[in-house]
Amino acid sequence: MPAVFFGHGSPMNALGGPHADGWRQLGADLPKPKAVLMVSAHWETEGTAVTADENPRTIHDFYGFPQALFDVRYPAPGSAELVGRVGELVGPGLRWATDWGLDHGAWSVLVHAFPKADIPVVQLSLDRRLDAAGHYALARKLRPLRDEGVLIAGSGDFVHNLRTWRREPGAAAYDWATRFNDAVKAALESGDHDTLVNWIRLGEDAQASVPTPEHFLPLLYVAAQQDPGEPVSFFNDVIEGGSISMTGVKVG
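What you see is a predicted model; the values in this text were computed from it and never measured.

Parameters at a glance
- Residues numbered from 1 in each chain as written.
- Predicted model: local features only at pLDDT ≥ 70, side-chain atom pairs only at ≥ 80, totals over all residues.
- Heavy atoms only, no water.
- Helix = DSSP H or I, 4+ residues; strand = E, 2+ residues; numbered from the N terminus.
- Rg over C-alpha atoms; globule rule 2.2 N^0.38 Å.
- Buried < 20%, exposed > 50% of the residue type's maximum accessible area, 1.4 Å probe, protein only.
- Contact = heavy atoms within 4.5 Å.
- Areas by Shrake-Rupley, 256 points an atom, 1.4 Å probe, with all protein chains shown as cover.
- Lys, Arg positive; Asp, Glu negative; His and termini not counted.
- Charge placed at Lys NZ, Arg CZ, Asp CG, Glu CD.
- 1 Å grid on protein atoms, 1.4 Å probe; cavity = no way out; pocket = protein on both sides within 12 Å on 5 of 7 lines; lining within 4 Å.
- Points joined across faces, edges and corners; volume = space filled by probe spheres on them.
- Nonpolar A, V, L, I, M, F, W, Y, C, P; charged D, E, K, R; others polar.
- Salt bridge = Lys/Arg side-chain N within 4 Å of Asp/Glu carboxyl O.
- Core = buried A, V, L, I, M, F, W, Y, C linked by side-chain atoms within 4.5 Å.

Within the protein, the secondary structure is distributed over nine helices and ten strands. Over its C-alpha atoms the protein spans a radius of gyration of 17 Å, differing by no more than 12% from the 18 Å that the globule rule assigns to 252 residues. For the protein, buried positions account for 58% of its 252 residues. Restricting the contact set of the protein to residue pairs at least 6 apart, pairs at least 24 apart contribute 80%. Surface accessibility of the protein: about 10,500 Å² in total, with carbon and sulfur atoms responsible for 52%. Of the charged side chains in the protein, 21 are positive and 31 negative, and the gap between their average positions amounts to 2 Å.

Taken as a whole, the largest pocket holds about 430 Å³ of empty space. If you trace the largest pocket, you find 17 residues lining it, with Ser10, Pro11, Phe65, His160 and Leu162 closest to the centre. Along the lines of polarity and charge, the residues of the lining of the largest pocket split into six nonpolar, seven polar and four charged.

Here Asp227 lies in the loop between helix H9 (217-223) and strand S7 (232-235). Remark: the alpha-carbon pair of Asp227 and Thr51, spanning 176 residues in sequence, is separated by 27 Å.

Before going further, it helps to spend a moment on the pattern of salt bridges. Two side chains with opposite charge may pair up if their charged atoms get near one another. Taken as a whole and judged by the stated rule, the model has 14 salt bridges. A salt bridge links Lys32 to Asp118; the shortest N-O distance between them is 3.1 Å. Here Lys32 is found in the loop between helix H1 (18-29) and strand S2 (35-45), whereas its partner Asp118 is found in the loop between helix H4 (104-113) and strand S5 (121-127), with 86 residues between them in sequence. Look at Lys32 and you get exposed, because its relative accessible area is 60%. A salt bridge links Arg146 to Glu230, with the shortest nitrogen-to-oxygen separation between them at 2.8 Å.

Moving on, we come to the nonpolar core. In terms of nonpolar packing, the biggest core is built from 50 residues, with Leu37, Val86, Leu124, Leu142, Leu145, Leu188 and Leu219 touching the most fellow members. Once you skip the residues sitting within four places of it in the chain, Leu124 turns out to touch Leu37, Met38, Val39, Ser40, Trp43, Thr48, Ala49, Val50, Val86, Leu94, Leu142 and Tyr221. In terms of nonpolar packing, the next biggest core, distinct from the first, is built from 30 residues, Phe62, Tyr74, Val111 and Ala117 among them.

Attention now moves to unusual backbone geometry. Phi at Ala117 takes a positive value of approximately 55°, unusual for a residue other than glycine. Summarising the element assignment, Ala117 is placed in the loop between H4 and S5. Judged by its relative accessible area of 9%, Ala117 is buried.

Spatial relationships are all this shows, so hold off on functional conclusions.
Right under this line is the structure:
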C-alpha cells in the first residue's frame, strides 16, 4: 500500500474546489485500503495515543467558518483491530483515546479521497514529548502496516505560516516558501530523510516556513515509510496565500 501526505490547507477545502478534486483523483487511483492510519497536525498529546472509538465523531475544531462546514460529517468506522496492531508495533505506553475523533486535518481530506466513508480510520496523535528524530523513529515502527493493506497518511503542510498569509486572490508565493517547498520535495525524491528530520538546518527559509512544527511533523510519518529507491509523486503542488503549501506526496 502506498503512503500519502495531504497538504490540507484551509478547512474550507472540505466543501470542494481544485484541491478537493486532487484528493478525489488520488483516492480513485489508490488501491482500496483495509484501513487508514492518519496522523494529523491537529491532534497533539502528552504521550502517543490512538483513537479507540468504534464510531469516531467528526470534530469541527475551528470557528468563524460557514455553517455548511460545520454540517459536514464523516461517519467512517474505527478499527479495534488496527488499534491493537499499532499497539503491537509501537510498544508499551500507547494510550487508547476515547476523548477524540476525526479532526479536520483528517476528515476534510478523507471526505473527498474516500467519500463513501466505508474504510475504517484510526488517528495517531503527535506526541509533544518527542523531537523530530523521535517522531521519525516511531513512524518507522509502523512500516509493516503497508504490507498489511493499511494506508498510512499524514495531514499538514510543508509550509504553514498564517502570520504572513496574503488574502488577495492569486497571491504569489514568498521566495522563502518556494525554496523550502522545493527543498522538501527534493529530499523526498532522493530519499534524503536526514534533511527532512533536520529541516531546521535549511536556515531562514525553514524558520519562516515552519514557525511551529505540528504541520510539518506528519510528513515524517509518511517519509519514514519510503523504502530505499522507492519513487514518490506529488499532487496539488501549489502554495496558497503566499505561505501555505498544499503540496501532497504519494510514496510508492
